[in-house]
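So the chains spell out like this:
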Amino acid sequence: MTDSLRVACIVPTRNGGDDIKALLASLAIQKQPFDLYIVDSSSEDDSRLAARAAGAEVTEINVETFDHGGTRQRMVDTLEQYDICTFLTQDVVLADALALERLVDAFDDHQVGAAYGRQLPRADATPFAAFLRDFNYPGVSRRQSLASIPSFGMKTVFISNSFAAYRRQALQQVGGFPDGIILGEDAWAAALLVQAGWVVSYVANSECIHSHNYSISQEWRRYFDIGVFHGRAPWILERFGTASGEGKRFVIEELKYLGKSNKALWALSVVRNVGKLVFYKLGQQEKRLPNWLKRRLSMHRRFWDKS
């Protein structure tokens, strides 16, 4: 265990309900010492009460001011006394008492600027949700660096702030999370870290439970937002390659995963993935679309209110 590193866990919340209580319970049994900070966006339930009861320091913000990158970065700026800033989302449950410790142990390697853990599907995950976790979070750890771009491509900067940790010094050195983006603050930071020579470490034995059973329309809207992110941050695609090769591999692997026993889902898989591509391309071209239409196509609709 890396006892010498001071660790902060930061969790943005908004009407967390039973999810935040499950996360807090899983944090309570962690072997790794840490301090807990909750950033709550005008919750109308007992999220703040549950967080304070768990010993967290709670910061309340107006829901209209929440920003995926800016809100997280303001916490990083404030927590100067910590070496490691770990981020979780309210719907995550750490899989065991060693999950956080194993993630923090990655920073024993002084080249590591960020690390993220493995996400396992929930018990109620659909085949599509379960495959997505299997595809993005394999059972083998890896190091993502400049040297891995030829083999990993865009996967070099893959990371998820649902369960990720950053060496604060490194994150601040490269400029931190951006303000005013629709999503992808984690990929943005990872790209900056890798460009600066840091390593992003995937720690497969540091596990959490986290998945979403998105409907087709939710999936498509999510990909519209990813397209917006890439369209507004073209430097990431230019430096690390387009997402097209990974997308083709995803479609093929998903059909294999579904297998003959789920043959009835093959057509649905094709429809979902074709729609994802169309919405992603629309997102990349969002500057040509009126704001009212972007709001309808997007999962993060409040972003367009601010825009």
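See above for the structure.
Cut-off values and rules
- Residues numbered from 1 in each chain as written.
- Predicted model: local features only at pLDDT ≥ 70, side-chain atom pairs only at ≥ 80, totals over all residues.
- Heavy atoms only, no water.
- Buried < 20%, exposed > 50% of the residue type's maximum accessible area, 1.4 Å probe, protein only.
- Helix = DSSP H or I, 4+ residues; strand = E, 2+ residues; numbered from the N terminus.
- Polar contact = N/O pair within 3.5 Å; in protein donor to acceptor, adjacent residues only side chain to side chain.
- Contact = heavy atoms within 4.5 Å.
- Pairing = 2+ DSSP bridges.
- Phe/Tyr/Trp six-rings, centres within 6.5 Å; stacked < 30°, edge-to-face > 60°.
- Lys, Arg positive; Asp, Glu negative; His and termini not counted.
- Salt bridge = Lys/Arg side-chain N within 4 Å of Asp/Glu carboxyl O.
- Disulfide = S-S within 2.5 Å.
- Core = buried A, V, L, I, M, F, W, Y, C linked by side-chain atoms within 4.5 Å.

*Asks:* Would you mind showing me how to read helix α8 (residues 185-195) here?
*Replies:* Residue pairs three or four apart in sequence face the same way in an α-helix, which turns once every 3.6 residues. Taken across its 11 residues, α8 has 10 buried, putting it largely inside the fold. By the burial criterion, the buried members of α8 are E185, D186, A187, W188, A189, A190, A191, L192, L193 and V194. The positive-phi residue at the C-terminal boundary of α8 is G197, with phi of around 100°.

*Asks:* Where do I start with the side chain of R142 in this structure?
*Replies:* When you line up the elements, R142 lands in strand β7 (residues 142-144). When its relative accessible area of 17% is taken as the criterion, R142 is described as buried. Polar contacts involving the side chain of R142 include one to the side chain of Y116, which spans 3.1 Å. A distance of 3.0 Å separates polar atoms of two side chains, one belonging to R142 and the other to Q144. With residues up to four places along the chain from it excluded, the contact list for R142 reads Y116, N136, F152, K155, F158, V200, S201 and Y202.

*Asks:* Any chance you could explain the pairing of strand β9 (residues 199-209) here in plain terms?
*Replies:* The side chains of a regular strand alternate between both faces of the sheet. Of all 11 residues in β9, 8 are buried; the element is thus mostly enclosed. The pairing of strand β5 (residues 93-94) with β9 spans 2 bridges and is antiparallel. Its bridge partner being in β9, V93 is matched across the sheet by I209. As paired strands, strand β6 (residues 112-120) and β9 are joined by 8 bridges and run parallel to one another.

*Asks:* So what exactly am I meant to see when it comes to the packing of aromatic side chains here?
*Replies:* The relative placement of two aromatic rings is captured by the distance of their centres and the angle of their planes. On inspection of all chains with the given rule, the structure shows 17 aromatic pairs. Measuring from ring centre to ring centre gives 5.0 Å for Y116 and Y202, while their planes differ by 35°; the resulting arrangement is tilted. Residue Y116 is found in strand β6, and its partner Y202 is found in strand β9; the two are separated by 86 residues along the sequence. Just as Y116 is buried, Y202 falls in that class too. Ring pairs connect the aromatic residues Y116, Y137, F158 and Y202, which therefore count as one cluster.

*Asks:* Would you explain the side chain of K276 in this entry?
*Replies:* Mapped onto the fold, K276 is located in helix α12 (residues 266-284). Buried and unpaired, K276 has E219 as its nearest opposite-charge partner, separated by 4.6 Å. Among the polar contacts listed, one links the side chain of K276 to the side chain of N273, at a separation of 3.0 Å. Apart from the residues lying within four places of it in its own chain, the contact partners of K276 are E219, W220, Y223 and F250.

*Asks:* I would appreciate a short explanation of the state of the cysteines in the present structure.
*Replies:* Put plainly, two cysteines are in a disulfide when a covalent bond ties their sulfur atoms together. Per the stated rule, a full pass over the model turns up 0 disulfides. We note that C9 lacks a disulfide partner, and the nearest cysteine sulfur, in C85, lies 9.5 Å from it. Accessibility expressed as a relative area gives 0% for C9, which makes it buried. According to the relative accessible area criterion, C85 is buried, its value standing at 0%.

*Asks:* Just to check I follow, could you spell out the environment of S4 for this structure?
*Replies:* One can find S4 in the segment before β1 (7-13). In sequence terms S4 and D225 are 221 residues apart; their C-alpha atoms lie 39 Å from each other.

*Asks:* Whenever I open this one, the nonpolar core confuses me. Can you help?
*Replies:* As a rule of thumb, soluble globular proteins bury nonpolar side chains together. The biggest cluster of nonpolar side chains holds 53 residues, and the ones touching the most others in it are I10, I159, Y166, F229, I236 and F240. In terms of residue count, α8 provides more of this core than any other element does, 8 residues in total. Judged by nonpolar contacts, the second largest core, of 31 residues, contains L5, I38, V92 and L94.

*Asks:* Help me understand the environment of Y280 in this model?
*Replies:* Within the secondary structure, Y280 is located in helix α12. Along the chain, Y280 and W220 lie 60 residues apart, while their C-alpha atoms are 7.8 Å from each other.

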